[in-house]
Amino acid sequence: MAYTSKKEDESGLSSYYNNKTTIIQEARVFNDSPISPRKCRALLTRIVYLLYIGETFNAQEATTLFFGTTKLFQHKDSALRQMVYLAIKELATTAEDVIMVTSSIMKDMQPNSEVIYRPNAIRALCRIIDPSMAQGVERFFKAAIVDRTPSISSAALVSSYHLFPLAKDVVKRWVNEAQEAISAKSSSSFFPGSSGGGYLNFGSSGNSNSGYQPIPSTSYITQYHALGLLYLIRQQDRMAVTKMIQQLGGGKSGAGTTLKNSMALCMLIRYAAKVMEEDPNIQRQILDLLEGWLRHKSDMVNFEAARAICEMKSVTASQLTKAIAVLQLFLSSPKPVLKFSATRTLATLALTHPAAVASCNVDLENLITDQNRSVATYAITTLLKTGNEASVDRLMKQITGFMSEISDEFKVIIVDAIRSLCIKFPTKHVSMLAFLSGVLRDEGGYDFKRAVVEAMFDMIKFISDCKEQALSHLCEFIEDCEFTKLSVRILHLLGLEGPKAPQPTKYIRFIYNRVVLENATVRAAAVTSLAKFGVNAVDDGLRRSIGVLLNRCLDDVDDEVRDRAAMYLKVMKEASLADTYVKEESVFSLAALESKLVAYVNDVDASAKPFDASSIPKISRAQLAAESTRPSTLDIIAAPATRASASPPPPTAAETQSAYVQQLADIPHFAAYGTVLNSSAKPVQLTESETEYQVTCVKHIFRENIVFQFNVSNTLPDTVLEQVVVVMQPQADSGLTEDVVFQIDSLSCANSPGIVYVSFKRDNPREYTTTSFQCILKFISKELDPSTGRPEEEGYEDEYQLEEVELSAGGDYIIPSYASFSSEWDRLRSGATATETFSLGAMESIKAACDSIIELLNMEPLGGTETPSSPSVHTLQLSGLVTGGGGKVLVRCRMTFSRGQGVTLELGVRAEQENACALVVSVVGG
């Protein structure tokens, strides 16, 4: 950030003039007698400039400048005094002993001081004072908030807003004054007819000698600031916020509102939308208010209300009618900002309600040729989402001549719109593929080229008719592609799809050219792609040709390329290696892999033994792609700032597991248990959400122990629970013996939730115990003394009945894991096997039986078998891992359905261990 000319930069004059050391030396001008206002103002400006561009002063330098600046308080030059306040405000965060200047600032806050100083003094005082002093200046702030001079009132309101996090209890007492400020009338005074000092003798802003008369506010900006402060004070009380919105809303028509500032109304609309999102029960009332604001005289308010309606959850087409009508009027407005905001909102709405937006298509088509290319881009993307199949060709022609005139950012939006259109109208793939191949040859950056390539990837994936032609276009593109990442991705796709093509040999030339002409990264990817052609080739001649090409790669200068070539030559000769390294369709679950690796690294005893990868569940490549898919620009375009959640995203499965491992590691007793084999994916709720005590349970499976983690929350603010424990009673002959219980010593509303651990020892670690536990929460309840905030000496013992905790096979011992069913089923033929037949008379369909079995076993359905293709006969294939060394287990469920008899199930199980096989059979038969 620089404001200097190039000539000054080249001469070094600017860097010397604005040098921190130079400025500190020149601070002597603050001590001159007489003081030169012009020199002091110039120096203060340079100090503030340095702070604004990120320069920092240490505590000593800042303190020196701060107290040098305070010497200028007595000067009568108004411009200098204002600059002093600006510098003080910025230096206050770094300087020491700034509290000493409070009395000088307070002097300028007096009602008999010059009006021009009071707003500056109020803003500076907010930065200077300690939170404990807030009560001492309370009367000054109260008086300033209701002052009839808008600049003073606004300064006090904004300062109160910034003071709120530091002194909440004090600022909350100013709610009546903020309410007074928000109810501003057109009169220049809040107290018509009063000629005295006003509120607490501070209402008059000018002294009687100066003859100052406050100028009436025409912008009513004070209302905007007052509304912000009111909401900040009441934001934790939804009923109070709702009441405030209804009071200020002005009824169904919106005409009765006291708010005259458009920004204040926009803010009120955002608050209303937030309340409506949190409490759907008042949606009807809020919607009436929003529809009333659609008729406001301000375009800003009309748009904010229309956008709030368009972003409502579960909004219906009839509710959108009025909002869309307002946005349609904006489309024909001469103001570019209105056209842009309307098209942007309609583009977002078209994702979920294309039929409702279709009524604006005529106006949107007129905007395609708009001179503002941002407006034209949004108009086109909206039309692509709302148009019908007949309009596709016409839109494609208009877009083709349009692409060269817009930036890459908007080109990406257009391409992503076409990407979704390909899936919507697959019969139009010829014209869309021609367009994409054309823009792929145009100049553009990485993001634009990536968007085009990914659009082609989607066409290859979802439209089989265009696969061969799209692959040919991508082959031509990599001939002179300047982006390594894109070349690697295209080569990977060619390796997957090329061998399946009718003429796979025509792609080999393009791939081998990359081995000859490209950098090492692309050469390595090309070697892998060639190897896939060789492994999957049905023609022995093609396989030998690929072998010749890979042999040439053995002389490459790069280690990676040589190693890959050598490995794949070996793989092509041995079918078992090919199945493992090329044809394998599953990959490790990254979340589970990360969790296991973290546990392995943190375990001091683990270094003596190799890392066990067999216990890590696998997922299909399709699942991996779904997890890592880049969201389409269409999904994130025009994301409203008001909807952005302040809360962080929920933790991933790996983060949750790592947190559990860390919590358990903090307890020395559990260190001897070894590594956690499995933890519950989600906590189980053991109480109703409305109860005063809320308890959830997480189960941790160790090799010889099972630890139950109870997360206990106390929602009563005036009660403390002490010696909190959970008493667990397992069923008879469960094979579990209680080991240890860790209680919560003290649990209040403030430090909730607390954790109770209950550990059981497995009598036979090789058996997979399944049982249920009766659970009772026991504690000593003590009331809090309201005067001291401490619990009373005496309390009473109490208990609370919890829901039963189940220790089941699915979710506790069995983890879903992807596998290639046919090959794994054959491999496990020599392992443990079992076949049982069951009659499921209560099942009303095969689909219901599939859902129940998947939920019961918590295993991964394979090959889409979770969705039956026939209502009478079906085979469900499942795969999973059993913790504690149980290994892989596969399940084949052959089912028939007849009305009146329900579902007949033949359960076939194959596993690496006998006990794992028995576990699955016992779960279904139990």
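These numbers come from a predicted model, not from an experiment.

Here we come to the packing of aromatic side chains. Applying the stated criterion across every chain, the model contains 17 aromatic pairs. Judged by centre distance (5.4 Å) and plane angle (75 degrees), the ring pair of phenylalanine 340 and tyrosine 378 falls under edge-to-face. Of this pair, phenylalanine 340 sits in helix H19 (residues 336-349) while tyrosine 378 is found in helix H22 (residues 373-386), placing the two residues 38 residues apart along the sequence. Relative accessible area serves as the criterion here: at 27%, phenylalanine 340 is assigned to the partly exposed category. Look at phenylalanine 708 and phenylalanine 760: their rings are 5.9 Å apart centre to centre, the planes differ by 90 degrees, and that puts the pair in the edge-to-face class. Residue phenylalanine 708 is located in strand E6 (residues 705-714), and its partner phenylalanine 760 is located in strand E10 (residues 754-762); the two are separated by 52 residues in the primary sequence. The same class applies to phenylalanine 708 and to phenylalanine 760, which are both buried. Taking the ring centre of phenylalanine 140 as reference, the NZ or CZ of arginine 139 above it sits at 4.7 Å. The ring of phenylalanine 448 is capped by lysine 411, whose NZ or CZ atom sits 5.2 Å from the centre of that ring.

Let's shift gears to H19. An α-helical segment advances 3.6 residues per turn. Residues three or four places apart therefore align on the same side. An ideal rise of 1.5 Å per residue puts 20 Å on 14 residues; H19 measures up with 20 Å between its terminal C-alpha atoms. Within the span of H19, buried status applies to Leu338, Lys339, Ser341, Ala342, Thr343, Thr345, Leu346, Ala347 and Leu349. In this structure, the buried side of H19 is in contact with helix H17 (299-310), helix H18 (317-331), helix H20 (354-357), helix H21 (361-366) and H22.

All right, on to unusual backbone geometry then. Although it is not a glycine, glutamine 723 sits at a positive phi angle of roughly 50 degrees. Summarising the element assignment, glutamine 723 is placed in strand E7 (residues 719-730). Of note in this structure, asparagine 858 is not a glycine but carries a positive phi near 55 degrees. Position of asparagine 858 relative to the elements: it lies in the loop between helix H40 (846-857) and strand E16 (860-861).

Below, the discussion takes up the pattern of salt bridges. Using the criterion set out here, one finds 35 salt bridges in the structure. The salt bridge involving lysine 888 is made with glutamate 824; its shortest N-O contact spans 3.5 Å. Here glutamate 824 lies in helix H39 (residues 821-827) and lysine 888 lies in strand E18 (residues 887-898), a separation of 64 residues in the sequence. Judged by its relative accessible area of 23%, lysine 888 is partly exposed. Between arginine 827 and glutamate 912 there is a salt bridge, with its nearest N and O atoms 3.1 Å apart. Linking arginine 827 in helix H39 with glutamate 912 in the loop between strand E19 (902-911) and helix H41 (914-925), this pair joins segments that are 85 residues apart in sequence. Within the structure, one salt-bridge network assembled from shared partners comprises Asp416, Arg419, Glu454, Asp458 and Arg489.

Next up on the list: the environment of isoleucine 182. The topology assignment puts isoleucine 182 in helix H12 (residues 175-182). Measuring from C-alpha to C-alpha, the distance between isoleucine 182 and alanine 264 comes to 9.4 Å, with 82 residues separating the pair along the chain. Filtering out sequence-adjacent residues up to four positions away, isoleucine 182 remains in contact with Gln223, Ala226, Leu227, Leu230, Leu248, Thr258 and Leu259.

It is worth spelling out the confidence of the model for the protein chain at this point. Looking at the protein chain, pLDDT values average 80 and 88% of them are 70 or higher. Ranking the elements of the protein chain by mean pLDDT puts helix H36 (residues 633-636) last with 38 and H17 first with 92. Of the regions scoring below 50 in pLDDT, residues 1-13 engages in ten contacts with residues more than four places distant in sequence or in other chains. Predicted confidence is poor over residues 185-212, with pLDDT under 50, and the contacts of this stretch with residues over four places away or in other chains come to 54 contacts.

Within E7, nine of the twelve residues are buried, leaving the element largely enclosed by the surrounding structure. Judged from the ten bridges that link them, E7 and strand E11 (residues 771-783) form a sheet pairing that is antiparallel. Within E11, the position partnered with valine 720 by the bridge is lysine 782. Across three bridges, the pairing between E7 and strand E9 (residues 744-747) is antiparallel. In the sheet register, leucine 721 faces E9, and the bridge partner there is leucine 747.

Before going further, it helps to examine helix H5 (residues 59-70). Counted at 1.5 Å a residue, the expected span for H5 with its twelve residues is 16 Å, and the 16 Å between its end C-alpha atoms agrees. Those residues of H5 not exposed but buried are Ala62, Thr63, Leu65, Phe66, Gly68, Thr69 and Thr70. On the buried face of H5, the contacting elements are helix H3 (20-26), helix H4 (37-52), helix H6 (78-91) and helix H8 (118-128). The N-terminus of H5 is capped by asparagine 58, whose side-chain oxygen sits 3.1 Å from the backbone nitrogen of glutamine 60.

Moving on to a negative patch on the surface. A contiguous patch of negative charge, built from Glu688, Glu690, Glu803, Glu804 and Glu806, is present on the exposed surface. Structurally, the position occupied by glutamate 688 is in the loop between strand E4 (684-685) and strand E5 (693-701).

What follows is about the side chain of threonine 69. Turning to its location among the elements, threonine 69 is positioned in helix H5. The class of threonine 69 is buried, set by a relative accessible area of 0%. Of the polar contacts made by the side chain of threonine 69, one reaches the backbone oxygen of leucine 65; its length is 2.7 Å.

Basis of the calculations
- Residues numbered from 1 in each chain as written.
- Predicted model: local features only at pLDDT ≥ 70, side-chain atom pairs only at ≥ 80, totals over all residues.
- Heavy atoms only, no water.
- Phe/Tyr/Trp six-rings, centres within 6.5 Å; stacked < 30°, edge-to-face > 60°.
- Helix = DSSP H or I, 4+ residues; strand = E, 2+ residues; numbered from the N terminus.
- Buried < 20%, exposed > 50% of the residue type's maximum accessible area, 1.4 Å probe, protein only.
- Lys NZ or Arg CZ within 6 Å of the ring centre and 35° of its normal.
- Expected span 1.5 Å × (residues − 1).
- Contact = heavy atoms within 4.5 Å.
- Salt bridge = Lys/Arg side-chain N within 4 Å of Asp/Glu carboxyl O.
- pLDDT = per-residue confidence, 0-100.
- Pairing = 2+ DSSP bridges.
- Polar contact = N/O pair within 3.5 Å; in protein donor to acceptor, adjacent residues only side chain to side chain.
- Patch = residues over 30% accessible without salt bridge, like charges linked within 9 Å, V, L, I, M, F, W, Y side chains within 5 Å.
- Areas by Shrake-Rupley, 256 points an atom, 1.4 Å probe, with all protein chains shown as cover.
- Lys, Arg positive; Asp, Glu negative; His and termini not counted.
- Charge placed at Lys NZ, Arg CZ, Asp CG, Glu CD.

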